[in-house]
Amino acid sequence: MNSAVFIVQKLFFNMLHKTPRPLVLCGPSGSGKSTLIKKLFDEFPDKFGFSVSHTTRQPRPGEEDGKHYHFTNKSKMEDEINKGEFIETAVFSNNLYGTSKKAVEKVINNGKICVLDIDMQGVKQIKNTTLDPLLIFIKPPSIEELEKRLRNRKTETEESLQRRLNTAIEEIKYGDEPGNFHRVIVNDDVDKAYHELRDFILRELK
Ligand code: ADP
Ligand code: 5GP
């Protein structure tokens, strides 16, 4: 076959079979990303799949290895990073986090839309890949409310809580900068925020 015809056919095939864009949810710790993602998975269990990140932080009560995170240690994760197994990585609140290529491939190979919950450093790296996700920033109504929610969650030590709040200020600044995200959703009332998220995603992915 003529190579030009072959290229045109391949482009057409890719257009027809293009997998939907992944979704990235980013926002300060405690802004409500996990809560909103859980609602999305509860409503559409067959449509979306979670990209299970790696982290060196300790599991919280109720968190399962392989479901919420792949819990690992620093030397093992650094070794895997050096072998090129990660799409992006970050140091957050003194721990390593990262999205492995395998984590994203697993969701896509299952025919689902991949949902990533990553921080601002990860978003900046993902922008330089071919993943081309829809970028959504989940914003808390205020720093005071964020602190209240993080304290109520009872998952952080005072030190870790303060580190997360300090980082939040810079993250909100980045989230508010025009052009950094496709959508900013203020998580004031959780049902309202969820419907805004849901409507945006369904409209964009149609
Ligand atoms: P993240 O995943 O962004 O760190 P979470 O989803 O764990 O945040 O939410 C942080 C805490 O705030 C949780 O205890 C959650 O139940 C609570 N929360 C989430 N959204 C709201 C909301 N709109 N109003 C009040 N509390 C909320
Ligand atoms: P937590 O410890 O509260 O689960 O997560 C802390 C922060 O790490 C959150 O902002 C979350 O979005 C981010 N995070 C979780 N997984 C990843 C990841 O794979 N990559 C990056 N860059 N950030 C992640």
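Small disclaimer: the values here were computed from a predicted structure and weren't measured.

So, how was this worked out
- Within every chain, residues take consecutive numbers counted from 1 along the sequence as written.
- Written order determines the labels here, with chains lettered from A and ligands numbered from 1.
- Per-residue local features are limited, in this predicted model, to residues with pLDDT of at least 70; the limit for side-chain atom pairs, both in listing and counting, is 80 or more; totals at the level of whole chains, interfaces and linings are taken over all residues.
- With hydrogens and water excluded, all non-hydrogen atoms of the structure serve as input to the side-chain values.
- By the criteria applied, helices consist of DSSP H or I runs no shorter than four residues and strands consist of E runs no shorter than two, each listed in order from the N terminus.
- To get the radius of gyration, use the C-alpha atoms; to get the globule rule, take the number of residues to the power 0.38 and multiply by 2.2 Å.
- The classification of residues rests on relative accessible area computed with a 1.4 Å probe and restricted to protein chains. Under 20% of the type maximum is buried, over 50% is exposed, and intermediate values are partly exposed.
- Throughout, near means a residue has at least one heavy atom within 4 Å of the molecule or strand.
- Under this definition, polar contacts are N or O atom pairs within 3.5 Å; protein pairs additionally need one hydrogen-donor-capable and one acceptor-capable atom, and for neighbouring residues in sequence, both atoms have to be side-chain atoms.
- Residue-level accessible areas treat just the shown protein chains as cover; the underlying method is Shrake-Rupley with a 1.4 Å probe.
- A pair of strands is labelled paired if DSSP reports no fewer than 2 bridges between them.
- For helices, the axis comes from a line fit to the C-alpha atoms of the stretch in contact; other axes are also lines fit to C-alpha atoms, and the angle between any two N-to-C directions lies between 0 and 180 degrees.
- Contact criterion: two residues are considered in contact whenever any of their non-hydrogen atoms come within 4.5 Å of each other.
- Only Asp, Glu, Lys and Arg are considered charged, only Ala, Val, Leu, Ile, Met, Phe, Trp, Tyr, Cys and Pro nonpolar, and every remaining residue, Gly among them, polar.
- Residues enter a nonpolar core if they are buried and are Ala, Val, Leu, Ile, Met, Phe, Trp, Tyr or Cys, with the set joined through side-chain atoms within 4.5 Å.
- To pair, rings of Phe, Tyr and Trp, with the six-membered ring standing in for Trp, must have centres within 6.5 Å; the planes then decide the type, stacked if under 30 degrees apart, edge-to-face if over 60, and tilted in the middle.
- For a lysine, the NZ atom is tested; for an arginine, the CZ atom; a charge sits over a ring if that atom is within 6 Å of the ring centre and within 35 degrees of the ring normal.

## Quick word on the overall build of the protein
For step 1, the next point in the chain: Within the protein, the secondary structure is distributed over eight helices and nine strands.
For step 2, the next point in the chain: A compact globule built from 206 residues should have a C-alpha radius of gyration of about 17 Å, and the protein, at 18 Å, falls within 12% of that.
For step 3, the next point in the chain: Counting only C-alpha atoms and orienting by the principal axes, one finds that the protein spans roughly 65 × 40 × 30 Å.
For step 4, the next point in the chain: Residues counted as buried form 42% of the 206 residues belonging to the protein.

## Notes on the site of ligand 1
For step 1, the next point in the chain: As a structural note, the neighbourhood of ligand 1 is formed by 14 residues, with Gly30, Lys33, Ser34, Thr35 and Arg153 the closest of them.
For step 2, the next point in the chain: Within the contact set of ligand 1, an oxygen atom lies 3.0 Å away from a backbone nitrogen or oxygen of Gly32.
For step 3, the next point in the chain: Separating an oxygen atom of ligand 1 from a side-chain N or O atom of Arg153 is a distance of 2.8 Å.
For step 4, the next point in the chain: Contact with the protein chains removes 75% of the 560 Å² of surface that ligand 1 exposes when unbound.

## Topic: the sheet that holds strand β7 (residues 113–117)
By definition, the strands of a sheet pair up through backbone hydrogen bonds, in either a parallel or an antiparallel sense.
For step 1, the next point in the chain: Pairing in this open sheet of five strands is parallel, and the strands run β2-β7-β1-β8-β9 from one edge to the other. Here the strands that pair on one side only, and so sit at the sheet edges, are β2 (48–50) and β9 (183–186). Mean inter-strand twist for the sheet, computed between neighbouring axes without regard to direction, equals 25 degrees.
For step 2, the next point in the chain: Here four bridges tie strand β8 (residues 134–139) to β9, and the two strands are oriented parallel to one another. By the bridge assignment for β9, Ile136 is matched with Arg183.
For step 3, the next point in the chain: In this fold helix α2 (residues 33–43) packs onto β1 (23–26), β2, β7 and β8, with an angle of close to 165 degrees to the strand it touches most, β7.
For step 4, the next point in the chain: Helix α8 (residues 190–205) contacts β1, β2, β7, β8 and β9 of the sheet and is inclined by roughly 160 degrees relative to β9.

## A closer look at the site of ligand 2
For step 1, the next point in the chain: In the vicinity of ligand 2 lie 18 residues, with Ser53, Arg57, Tyr69, Tyr97 and Asp117 positioned nearest.
For step 2, the next point in the chain: A distance of 2.6 Å separates an oxygen atom of ligand 2 from a polar atom in the side chain of Ser53.
For step 3, the next point in the chain: Between ligand 2 and Glu88 there is a distance of 2.7 Å, counted from a nitrogen atom to a side-chain nitrogen or oxygen.
For step 4, the next point in the chain: In isolation ligand 2 exposes 510 Å². Once the protein is present, 96% of that is buried.
For step 5, the next point in the chain: When grouped by side-chain class, the residues that make up the shell around ligand 2 number five nonpolar, six polar and seven charged.

## Quick word on the nonpolar core
For step 1, the next point in the chain: Core analysis: the biggest nonpolar cluster contains 19 residues, and Leu23, Leu40, Phe48, Val115, Ile136, Leu197 and Ile201 have the highest contact counts within it.
For step 2, the next point in the chain: At the level of elements, β1, α2, β7, β8 and α8 are the ones that each hand at least two residues to this core.
For step 3, the next point in the chain: In this structure, Leu197 is in contact with Leu25, Leu36, Ile136 and Ile185, ignoring residues within four places of it in sequence.
For step 4, the next point in the chain: Of all hydrophobic cores here, the second largest spans 15 residues; its members include Val24, Leu116, Met120 and Phe137.

## Let's talk about the sheet that holds strand β6 (residues 95–100)
For step 1, the next point in the chain: In space, the four strands of this open sheet follow the order β4-β3-β6-β5, with mixed pairing throughout. The outermost strands of the open sheet, each flanked by one partner alone, are β4 (70–71) and β5 (86–92).
For step 2, the next point in the chain: Pairing analysis gives two bridges linking strand β3 (residues 54–55) to β4, with the strands arranged parallel. Along β4, the bridge assignment pairs Thr55 with Phe71.
For step 3, the next point in the chain: The sheet strands contacting helix α4 (residues 101–109) are β5 and β6, and the helix crosses β6 at an angle near 40 degrees.

## Considerations on the packing of aromatic side chains
Given two aromatic rings, one states the distance between the centres and the angle between the planes to describe the pair.
For step 1, the next point in the chain: Here the structure, examined in full by the defined rule, presents seven aromatic pairs.
For step 2, the next point in the chain: A centroid spacing of 6.0 Å and a plane angle of 90 degrees characterise the contact between Phe92 and Tyr97, whose relative ring orientation is edge-to-face. We note that Phe92, like Tyr97, is buried.
For step 3, the next point in the chain: For the pair Phe137 and Phe181, a centre-to-centre distance of 5.1 Å together with 50 degrees between the ring planes defines the contact as tilted. Residue Phe137 is located in strand β8, and its partner Phe181 is located in the loop between α7 (158–176) and β9; the two are separated by 44 residues in the primary sequence.
For step 4, the next point in the chain: For Phe181, a relative accessible area of 10% corresponds to the buried category.
For step 5, the next point in the chain: Of the aromatic side chains, those joined through ring pairs into one cluster are Tyr69, Phe71, Phe92 and Tyr97.
For step 6, the next point in the chain: Here the basic side chain of Lys124 rests over the ring of Tyr174, its NZ or CZ set 4.9 Å away from the ring centre.

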